[in-house]
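This is what each chain is made of:
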Amino acid sequence: LIVIADSDREFRARVIEQAGRDDVIEARRMSDVEKIVAERRTEVRVVLLGPSFATSTGLALAAKFQVEAPEIGVIIAAKTVTADLLRSALHAGARDVLPYSFTPEQLAAAVARADSVARHMRENISPVIDLTDARHRVVTVHSSKGGVGKSFVASNLAVLLAQRGNDVVLVDLDLQSGDLALMLQLHPRRTLYDATRESERLDEAEVRGYLTRHPASGLSLLAAPTEPGLAETITAESVQSVLRVLKSAFQYVVIDTPPLFTDHVLAAIDETDVLVSVTAMDVPSIKNLRVSLQTFELLGVRPERMALVLNRADSKVGLSVGEVEKALRATVDVCIPSSRDVPLSVNRGNPIALDAPKSAVTSALTKIAELVDEVGKLPPPRRSIASKLGVGRKR
Ligand SMILES: Nc1ncnc2c1ncn2[C@@H]1O[C@H](COP(=O)(O)OP(=O)(O)OP(=O)(O)O)[C@@H](O)[C@H]1O
Ligand SMILES: [Mg+2]
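The rules behind these values
- Residues numbered from 1 in each chain as written.
- Chains lettered and ligands numbered in written order.
- Predicted model: local features only at pLDDT ≥ 70, side-chain atom pairs only at ≥ 80, totals over all residues.
- Heavy atoms only, no water.
- Core = buried A, V, L, I, M, F, W, Y, C linked by side-chain atoms within 4.5 Å.
- Buried < 20%, exposed > 50% of the residue type's maximum accessible area, 1.4 Å probe, protein only.
- Helix = DSSP H or I, 4+ residues; strand = E, 2+ residues; numbered from the N terminus.
- Contact = heavy atoms within 4.5 Å.
- Axes fitted to C-alpha atoms, helices over the stretch in contact; angles between N-to-C directions.
- Parallel < 35°, antiparallel > 145°, perpendicular 65-115°, else oblique.
- Nonpolar A, V, L, I, M, F, W, Y, C, P; charged D, E, K, R; others polar.
- Polar contact = N/O pair within 3.5 Å; in protein donor to acceptor, adjacent residues only side chain to side chain.
- Near = heavy atom within 4 Å.
- Pairing = 2+ DSSP bridges.
- Phe/Tyr/Trp six-rings, centres within 6.5 Å; stacked < 30°, edge-to-face > 60°.
- Lys NZ or Arg CZ within 6 Å of the ring centre and 35° of its normal.
- Salt bridge = Lys/Arg side-chain N within 4 Å of Asp/Glu carboxyl O.
- Arc of directions from axis to C-beta.

Caption draft 1: Spotlight on the nonpolar core. Core analysis: the biggest nonpolar cluster contains 43 residues, and Val 276 and Ile 368 have the highest contact counts within it. In terms of residue count, the dominant contributor to this core is helix α6 (residues 150-163) (nine residues). For Val 276, the contacting residues outside a window of four places in its chain are Val 139, Thr 140, Val 141, His 142, Val 153, Leu 157, Ala 307, Val 309, Ile 368 and Val 372. Grouped together as the second largest cluster of nonpolar side chains are 28 residues, Leu 1, Val 47, Leu 61 and Val 97 included.

Below you can see the structure in the form of structure tokens.
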């Protein structure tokens, strides 16, 4: 099936005549194209976008298909084929660009090419691809030292990702002394403990029953157990299965961790797509991070999947960012300045991202969210965070 999309009826008629086949369907609007593809996904081989759609809208659709329906070939016919258009079309993943006055032969050749690529892809990808999976990401915030600002970073990162229109769950994996509920002024009725008790049976809908919604940001919290004693009865396996269910239900699972490599943390790292490593600017913290980085390497966490965050980076402590990078043999991705607003917002129970959206601290936190969100938008195979930023990590 070929979909001919253009607002101009004459153009559509000409193409249909030239194509000389009966499996051609017309679309007058862009939304019609999406509807046809959604309904007849397995039949559609080629979408030909006419001159009225050879615009950024058309290219956006081509880019969307490239990710969500890569087996469908998009051909663009433009009034004037410029180098710019060619380049953008190529980037968007269009299979071909035709001049407006294309001949029947040119059309047939383009369709045949797109069709053969389509057939090849259909044969080589599994028919049940989870179209949404590319956007589901687990982000773990970690540091092997206490008090460096993990919970502060994790909670604000979750808020900012939610503000960017993502469905976000924040998980408090600090089972002994998690205080995210406090930091967000929430009063959870159920906690991670309750969820892990049902971990065998939980599905995407049921798991939501264990969450507490944060009205100001829209994120959902899976709170730490209220009694520290319960932590010991929670197995790492049950945590892992809860995380897997959350991962399929939410676009982002942001995990706050205790300052240790507990079995629960290791289970979380196993599920992690982006690891945010937080450190303070003192020698013991940096020494600890150096050891953690080696541990991550042993655990198989690839350096390009890590973001290194230096918290309270402007503290007058006699260390420079350059020195820290040298000691770690790694590049610092984001520096968060020290500010009185942080303890103020923590004490108010209102994340600084909401409390002081224009502050330097919030703009540093936004950089982390952008980094994580960029990676989250990419279709697998994942590209490295470092290469996204144009920085090479020396390790
Ligand atoms: N950039 C900053 N400027 C000023 N204060 C900060 C900053 N970052 C964190 N803090 C303060 O440091 C304290 C510890 O932060 P937080 O609780 O997030 O650390 P943590 O790493 O989660 O600690 P723990 O290991 O105990 O869980 C908080 O009181 C917070 O207000
Ligand atoms: Mg904490």
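Now that the structure is up, let's keep going.
Caption draft 2: Region of the structure containing the packing of helix α3 (residues 56-68) against helix α4 (residues 83-92). The geometry of α3 relative to α4 is characterised by a closest axis approach of 8 Å and an angle of 30 degrees between their N-to-C directions. Relative to α4, the element α3 lies roughly parallel. Taking contact as the criterion, the partners of Leu 59, Ala 62, Ala 63 and Gln 66 in α3 are, on α4, Ser 88, Ala 89, His 91 and Ala 92. A per-class count over the contact of α3 with α4 returns five nonpolar, three polar and no charged.

Caption draft 3: Spotlight on the side chain of Ser 144. Tracing the backbone through its elements, the reader meets Ser 144 in the loop between β6 (137-142) and α6. Engagement of the side chain of Ser 144 in a polar contact is seen with the backbone oxygen of Asn 288, the distance being 3.4 Å. Polar side-chain contacts of Ser 144 include one of 2.8 Å to the side chain of Ser 292. Residue contacts for Ser 144: discarding those within four places in its chain leaves Pro 259, Asn 288, Leu 289 and Ser 292.

Caption draft 4: Structural context of the site of ligand 1. Near ligand 1 you find 17 residues, and of these Gly 147, Lys 150, Ser 151, Phe 152 and Asn 311 are the closest. Residue Phe 152 places a main-chain N or O atom 2.8 Å away from an oxygen atom belonging to ligand 1. Elements with a contribution of two residues or more to the shell around ligand 1: α6 and α13 (341-348). Among the residues making up the shell around ligand 1, the classes are represented as seven nonpolar, seven polar and three charged.

Caption draft 5: Region of the structure containing the environment of Asn 347. By the secondary structure assignment, Asn 347 is in helix α13. On the basis of relative accessible area, Asn 347 is assigned to the exposed category, the value being 67%. For Asn 347 and Leu 184, which are 163 residues apart along the polypeptide, the C-alpha to C-alpha distance reads 9.7 Å.

Caption draft 6: Spatial organisation of the sheet that holds strand β8 (residues 212-213). One open sheet accounts for eight strands, arranged β8-β9-β7-β10-β6-β11-β12-β13; its pairing is mixed. Bordering the open sheet on either side are β8 and β13 (334-336), each of which pairs with just one other strand. Here five bridges tie β6 to strand β10 (residues 252-256), and the two strands are oriented parallel to one another. Following the sheet pairing, Val 141 is matched in β10 by Asp 256. Contacting β6, β7 (168-172), β9 (220-222) and β10, helix α9 (residues 236-249) crosses the sheet at an angle of about 145 degrees to β10. Sitting on the sheet, helix α11 (residues 283-298) is in contact with β6, β11 (274-279) and β12 (306-311), with an inclination near 160 degrees to β11.

Caption draft 7: Expanded view of the packing of aromatic side chains. Tallying each qualifying case throughout the model produces three aromatic pairs. Both rings, one in Phe 11 and one in Phe 102, keep their centres 6.3 Å apart while their planes meet at 90 degrees; by these two values the pair is edge-to-face. You can see Phe 11 sitting in helix α1 (residues 9-19) and its partner Phe 102 sitting in the loop between β5 (96-99) and α5 (104-124), a full 91 residues away along the chain. Pair check on accessibility: Phe 11 and Phe 102 agree, each one buried. Ring plane angle 70 degrees and centroid distance 5.6 Å describe the contact between Phe 261 and Phe 296, whose orientation is recorded as edge-to-face. Residue Phe 261 is found in the loop between β10 and α10 (263-270), and its partner Phe 296 is found in helix α11; the two are separated by 35 residues along the sequence. Members of the aromatic cluster, each reached through a chain of ring pairs, are Phe 11, Tyr 100 and Phe 102. Between Arg 14 and the ring centre of Phe 102, over which it is positioned, the NZ or CZ distance is 4.8 Å. Positioned over the ring face of Tyr 210 is Arg 190, at 4.2 Å from the centre of the ring.

Caption draft 8: Spotlight on the pattern of salt bridges. Counted by the stated rule, this structure contains 14 salt bridges. Among the salt bridges present, the one from Arg 45 reaches Asp 115, with a minimum N-O distance of 3.4 Å. Of this pair, Arg 45 sits in the loop between α2 (30-39) and β3 (46-49) while Asp 115 sits in helix α5, placing them 70 residues apart in sequence. Arg 208 is paired through a salt bridge with Asp 167; the nearest N and O atoms lie 3.1 Å apart. Of this pair, Arg 208 sits in the loop between α8 (192-197) and β8 while Asp 167 is found in the loop between α6 and β7, placing the two residues 41 residues apart along the sequence. Residue Asp 167 is classed as partly exposed on the basis of its relative accessible area of 29%.

Caption draft 9: Broad picture of α2. All buried positions along α2 are accounted for by Met 30, Asp 32, Val 33, Ile 36 and Val 37. Down the axis of α2, the buried side of the element spans an arc of 155 degrees, and every buried residue falls inside it. Summarising the geometry of α2, the exposed residues directed more than 90 degrees from the buried face are Lys 35, Ala 38 and Glu 39. Elements in contact with the buried residues of α2: β1 (2-5), β2 (24-27), β3 and α3.

Caption draft 10: Spotlight on unusual backbone geometry. One non-glycine residue, Arg 312, lies in positive phi territory at about 55 degrees. Among the structural elements, Arg 312 can be located in the loop between β12 and α12 (321-328). Overall, the relative accessible area of 45% leaves Arg 312 in the partly exposed class. In this structure, Arg 329 takes a positive phi of about 50 degrees despite not being glycine. Relative to the helices and strands, Arg 329 is located in the loop between α12 and β13. On the basis of relative accessible area, Arg 329 is assigned to the exposed category, the value being 53%.

Read these as geometric descriptors, not functional statements.
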